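Architecture and fold: a report
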Amino acid sequence: MLKNKDLLGIKELSSEEITEILDHAVIMKEIIQKNNKKAPHLQGKTVITLFYENSTRTRLSFELASKYLGANAANVAVGTSSVAKGESLIDTARTIDVMGTDILCIRHSSAGAPHLVARNVEASVINAGDGMNEHPTQALLDAFTMREKKGELGNLKVAIVGDILHSRVVRSNAYLLNKMGAEVTVAGPSTLMPPEIEKLGVKAYTDVEKAIKGADVVMGLRIQLERQKKGLFPSIDEYSDIFGVNEERLKLAKEDAILMHPGPVNRGVEISSSLYHPDKSVIDEQVTNGVAVRMAILYLLSKHHGERSL
Ligand code: CP
């Protein structure tokens, strides 16, 4: 069982809790691989997704994870909900809470929004990405994939390449990999590198090749093309030439290194298009593992919820 009723960030998890989630996800993955994807772990529980930002992988995997474990699952379509009439975040969350919700998965553009909601509802809140702060379930599915492919996390050197400045994925991965004893390097343009990044326990480079050299895991991060208007790098082509992960650069990593990306991928920008293929990267497996890891998290948090007086 996880100590807190909510999963708001990797920062708040212990290494033992991270291991507990990853171990449970192994069993959950077996359920996904079955012909009949139906288990009773969340029978009678209600899981709601409330996403103020776009998503394909995270939202759908929470919904499928809930259904595979027998929960009642529903999504609030924010754009057509009473949010569009001006209802506040807290009032929206409280309204969902008193409908018998046990677990509320929330994505929001503001850092700290899930933490605010968690203080105002009885349901367990899962942070599905908050602004530039954290994306804890992404880091957990990344860790699951690394452990599955490469073994103990503490023995690994992980290189993360791309838009470090705006990435909540890199923050959650840095917290998690540090807690588990891995070595982390990050690389990207200096304009996309937060000045205090090394306080996260990572080594920062503007030379991608130095960061990738000898790595067990190379992770590309999405270049957030919407930021390009701010002129943070000269052009997409230049970015790809200087910072993109391609076949040549990947050869600098260990021979058996794996290539990861949280998705969605800008093909030919942060990684070359030929590498976005099941023979060359584990991106599809990350997506499958995302369902298993979210099943494990939902199950472990559901233990906080017995009878409720509404
Ligand atoms: N990796 C990730 O969070 O993807 P989505 O935005 O599609 O959920």
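Residues numbered from 1 in each chain as written. Predicted model: local features only at pLDDT ≥ 70, side-chain atom pairs only at ≥ 80, totals over all residues. Heavy atoms only, no water.

1. Quick notes on the nonpolar core
Membership of the largest hydrophobic core comes to 64 residues, with the highest contact counts inside it found for Ile 21, Leu 140, Met 146, Leu 176, Val 186, Met 295 and Leu 298. It is helix 10 (residues 283-302) that provides the largest number of residues to this core, a total of 9 residues. Among the domains, domain 1 (10-134 + 288-302) and domain 2 (136-283) are the pair contributing at least three residues each to this core. Residue contacts for Met 146: discarding those within four places in its chain leaves Gly 151, Leu 153, Leu 156, Val 158, Asn 173, Leu 177, Val 217, Met 219, Ile 258 and Met 260. Membership of the second largest hydrophobic core comes to 22 residues, among which are Ala 159, Val 208, Ala 211 and Leu 259. (Core = buried A, V, L, I, M, F, W, Y, C linked by side-chain atoms within 4.5 Å. Buried < 20%, exposed > 50% of the residue type's maximum accessible area, 1.4 Å probe, protein only. Helix = DSSP H or I, 4+ residues; strand = E, 2+ residues; numbered from the N terminus. Domains from an automatic or database assignment. Contact = heavy atoms within 4.5 Å.)

2. Here's the deal with the site of the ligand
Taken together, Asn 54, Ser 55, Thr 56, Arg 57, Thr 58, Arg 107, His 135, Gln 138, Pro 262 and Gly 263 are the residues near the ligand. One of the side-chain nitrogen or oxygen atoms of Arg 57 is found 2.7 Å away from an oxygen atom of the ligand. Gly 263 is positioned with one of its backbone polar atoms (N or O) 3.1 Å from a nitrogen atom of the ligand. Here the ligand loses 91% of its free accessible area of 250 Å² to cover by the protein chains. Residues from two domains meet in the shell around the ligand; each of domain 1 (10-134 + 288-302) and domain 2 (136-283) gives at least three. (Near = heavy atom within 4 Å. Polar contact = N/O pair within 3.5 Å; in protein donor to acceptor, adjacent residues only side chain to side chain. Areas by Shrake-Rupley, 256 points an atom, 1.4 Å probe, with all protein chains shown as cover.)

3. Some details on the pairing of strand 2 (residues 72-76)
The sheet contact formed by strand 1 (residues 46-51) and strand 2 spans 5 bridges and is parallel. Bridge pairing in strand 2 links Leu 50 to Val 76. Considered for its hand, the β-α-β crossover made up of strand 1, helix 2 (residues 57-68) and strand 2 is right-handed. (Pairing = 2+ DSSP bridges. Right-handed = clockwise from strand over helix to strand, strands pointing away.)

4. Observations concerning the domain arrangement of the chain
When the domains of the chain are assigned, the result is domain 1 (10-134 + 288-302) and domain 2 (136-283). Each of domain 1 and domain 2 was reduced to a C-alpha centroid, and the two centroids are 25 Å apart. Taken residue by residue, the interface counts 31 residues in domain 1 and 25 residues in domain 2. Regarding the contact of domain 1 and domain 2, the summed buried area is about 2,400 Å², with carbon and sulfur atoms giving 63% of it. Joining domain 1 to domain 2, the criterion identifies 3 salt bridges. In this structure, Glu 53 engages Arg 168 in a salt bridge whose closest nitrogen and oxygen atoms are separated by 3.0 Å. (Buried area = accessible area lost by both parts, 1.4 Å probe. Salt bridge = Lys/Arg side-chain N within 4 Å of Asp/Glu carboxyl O.)

5. Topic: the sheet that holds strand 8 (residues 217-220)
Spatially, the 5 strands line up as an open sheet ordered 7-6-5-8-9, and their pairing is parallel. Each of the sheet's edge strands pairs with one partner strand only, and the pair in question is strand 7 (203-205) and strand 9 (258-260). With strand direction ignored, the average angle separating the axes of adjacent strands in the sheet is 20 degrees. Bridge count between strand 8 and strand 9: 3 bridges; the pairing is parallel. The residue of strand 9 that forms the bridge with Val 218 is Leu 259. Packed onto the sheet, helix 6 (residues 168-179) meets strand 5 (157-161), strand 6 (183-187) and strand 8 and runs at close to 170 degrees relative to strand 5. (Axes fitted to C-alpha atoms, helices over the stretch in contact; angles between N-to-C directions.)

6. Things to note about the packing of aromatic side chains
Counted by the stated rule, this structure contains 1 aromatic pair. In this structure, Lys 203 is placed above the aromatic ring of Tyr 205, and the distance from its NZ or CZ to the ring centre is 5.6 Å. For the cation-ring pair, Arg 294 lies above Phe 62, with the distance from its terminal atom to the ring centre recorded as 5.2 Å. (Phe/Tyr/Trp six-rings, centres within 6.5 Å; stacked < 30°, edge-to-face > 60°. Lys NZ or Arg CZ within 6 Å of the ring centre and 35° of its normal.)

7. A look at unusual backbone geometry
Omega for the peptide link from Gly 263 to Pro 264 comes to -5 degrees, which places this bond in the cis form. Mapping Pro 264 onto the fold places it in the loop between strand 9 and helix 10.

8. Some points on the pattern of salt bridges
All told, the structure shown has 14 salt bridges when counted by the stated rule. Of the charged contacts in the structure, one is a salt bridge between Glu 247 and Lys 280, with a shortest N-O distance of 3.1 Å. Note that Glu 247 is positioned in helix 9 (residues 247-250) and Lys 280 in the loop between strand 9 and helix 10, a separation of 33 residues in sequence. Residue Glu 248 pairs with Lys 251 through a salt bridge whose shortest N-O separation is 3.0 Å. Its relative accessible area of 62% is what places Lys 251 among the exposed residues. One salt-bridge network, held together by shared partners, links Arg 59, Glu 63 and Lys 67.

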